Amino acid sequence: MSRKINLRDALREAMTEEMRRDESVFLMGEEVAEYNGAYKVSKGMLEEFGAKRVIDTPIAELGFAGIGVGAAMNGLRPIVEFMTWNFAVLAFDQIVNNAAKTLSQSAGQFKCPIVFRGPSGSAGQLAQQHSQTFEAWLANCPGLKVISSVDPRDSKGLLKAAIRDDDPICIMESEVMYALNLDTTQPGKRTYSFGKKTWETEGLPFTDEEILVPIGKAVIRRTGTDVTIVSFNKMMLEAIEAADELAKEGISAEVIDLRTIRPMDHETIINSVKKTNRLIVVDESWPFAGISAEVAYNIQRMAFDYLDAPVIRINAADTSLPYAPTLVEEYLPNPTKIVKAVKEVMYVNS
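Per chain, residues are indexed from 1 in the order of the written sequence. With the structure being a predicted model, the display of local features is reserved for residues of pLDDT at least 70 and the display and counting of side-chain atom pairs for 80 or more, all residues being used for whole-chain, interface and lining totals. By convention in this description, side-chain values take in all heavy atoms of the structure and omit both hydrogens and water.

Quick word on the pairing of strand 9 (residues 190-194)
Then step 1. Pairing between two strands is assigned when DSSP locates at least 2 bridges connecting them. Secondary structure is summarised from DSSP: a helix means a run of H or I of at least four residues, a strand means a run of E of at least two, and numbering begins at the N terminus for each. The pairing of strand 8 (residues 181-183) with strand 9 spans 3 bridges and is antiparallel. Following the sheet pairing, D183 is matched in strand 9 by T191.
Then step 2. Hairpin connection of strand 8 to strand 9: 6 residues between the antiparallel strands, including G188 at a positive phi of 80°.
Then step 3. Sheet topology places strand 9 next to strand 10 (residues 197-201); 5 bridges connect them, and they run antiparallel. Directly across from F194, in strand 10, lies its bridge partner K197.
Then step 4. Between strand 9 and strand 10, which follow one another and run antiparallel, lie 2 residues, and G195 among them has a positive phi close to 60°.

Describing the side chain of R77
Then step 1. Within the element layout of this structure, R77 appears in strand 4 (residues 77-81).
Then step 2. For every residue, the accessible area (1.4 Å probe, protein chains only) is compared with the maximum for its type, and the residue is labelled buried under 20%, exposed over 50%, or partly exposed between those bounds. For R77, a relative accessible area of 16% gives the class buried.
Then step 3. The definition of a polar contact used here is a pair of N or O atoms within 3.5 Å, where within protein one atom must be able to donate a hydrogen and the other to accept one, and adjacent residues in sequence count solely through side-chain atom pairs. There is a polar contact of 2.6 Å between the side chain of R77 and the side chain of D166.
Then step 4. Those residues in contact with R77 that sit more than four places away from it in its chain are D22, S24, V25, F26, P113, I163, R164, D165 and D166. Note on contacts: a residue pair is in contact if any heavy atoms of the two residues lie within 4.5 Å.

Points about the environment of R21
Then step 1. Counting through the fold element by element, R21 comes out in helix 1 (residues 7-21).
Then step 2. A relative accessible area of 47% places R21 in the partly exposed class.
Then step 3. Within polar-contact distance, the side chain of R21 engages the side chain of E18 at 3.0 Å.

Observations concerning the domain arrangement of the protein
Then step 1. Just so you know, the domain bounds were taken from an automatic or database domain assignment. What the domain assignment reports for the protein is domain 1 (4-174) and domain 2 (216-345).
Then step 2. On a C-alpha basis, the centroid separation for the pair domain 1 and domain 2 is 27 Å.
Then step 3. By definition, the buried area sums, over both parts, the 1.4 Å-probe accessible area that each loses when the two are put together. Taken together, both faces of the contact between domain 1 and domain 2 bury some 2,200 Å²; the carbon and sulfur share is 56%.
Then step 4. Definition used for salt bridges: Asp or Glu carboxyl oxygen within 4 Å of a side-chain nitrogen of Lys or Arg. Joining domain 1 to domain 2, the criterion identifies 3 salt bridges.
Then step 5. Between D154 and R259 there is a salt bridge whose closest N-O contact spans 3.0 Å.

Side note on the nonpolar core
Then step 1. To form a nonpolar core, buried Ala, Val, Leu, Ile, Met, Phe, Trp, Tyr and Cys residues must be joined to one another through side-chain atoms within 4.5 Å. V54, L159, I229, I280 and V342 are the most contacted members of the largest nonpolar core, which has 59 residues in total.
Then step 2. With 8 residues, the single largest contributor to this core is helix 8 (residues 235-247).
Then step 3. Two domains share this core, each providing at least three of its residues, namely domain 1 (4-174) and domain 2 (216-345).
Then step 4. Setting aside residues no more than four positions away along its own chain, V54 makes contact with M19, L27, V32, A33, M45, L46 and F49.
Then step 5. Judged by nonpolar contacts, the second largest core, of 45 residues, contains A72, W85, C170 and A303.

Things to note about unusual backbone geometry
It is generally the case that most residues other than glycine have a negative phi and that most peptide bonds are trans.
Then step 1. That bond from R262 to P263 is cis: its omega, 0°, falls within 30 degrees of zero.
Then step 2. In this structure, P263 sits in the loop between strand 14 (260-262) and helix 9 (266-276).
Then step 3. Of note, the phi angle at K40 is positive, near 65°, even though the residue is not glycine.
Then step 4. Looking at the secondary structure, you find K40 in the loop between strand 2 (25-29) and helix 2 (45-49).
Then step 5. The exposure class of K40 is partly exposed, given its relative accessible area of 29%.

See the structure below:
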């Protein structure tokens, strides 16, 4: 039966189910045990699995990331939670120089089945050092898989798939969207709600049956014929909101949620562009050498003849995130900016 669930509970279900299924899986990180997680994602897990499998660590990201890598090389399947990916910068040596390179550096003798996960992206007025989006940094490193999803159902299925995968995987969650609710109780509809806002999309229901979502496969959240909008994580919701506004003006937008950044599902984007002939890419990270640039390059390389207008990228401003709320609003992509870009590629006067 379809049901309602929020992102926080979906992630907890994924970890709990996998730890029940496989005794080699364990969780470690700052405040994951006694405090039930900084964002309460691991609530109740210490009580069920005990202190040997739900482990509070010191505030030392490089240290506990390194312990996780060593455990993975010796047959365990660690889930390493960072309180925020901003703090994980301190552990990039372990992630990029150790986890990502274990398989190739050992000529295939050692695998590193580890999941690094935690909140990423802007989160209200947290200013420059706590609001960064690192998908492009991590995806640039061969050997790492990178997942960035906000949909509760898909996030659960992707996390379960990541825990079972033999490669190191970085999962980027949304710091402000842990309370995002997904309701699939109405047949044929998926309704997201957060605070006073709601969004509706197409897609599969959320059920009590086991969910495994394939890594490296995008999903079409909304079908359309006039323009393709590609995004991921919480910017996917901004894209859906923009599509709703465009529909009022008779413009049909197809919204694609990447879900996985590396490996990227270029085929789904190409097939959509072949139908719509126009592409907008919405990416919360900085524009220089980002995910939006990668998508735009591959479309011009593999679907150039189908384009009726240049690809437009909508990114965060090319600067560090300011603190003032008016500047935060100006800094980030939003539906107004997306609608304007769509009209530009449609050659429609605003």
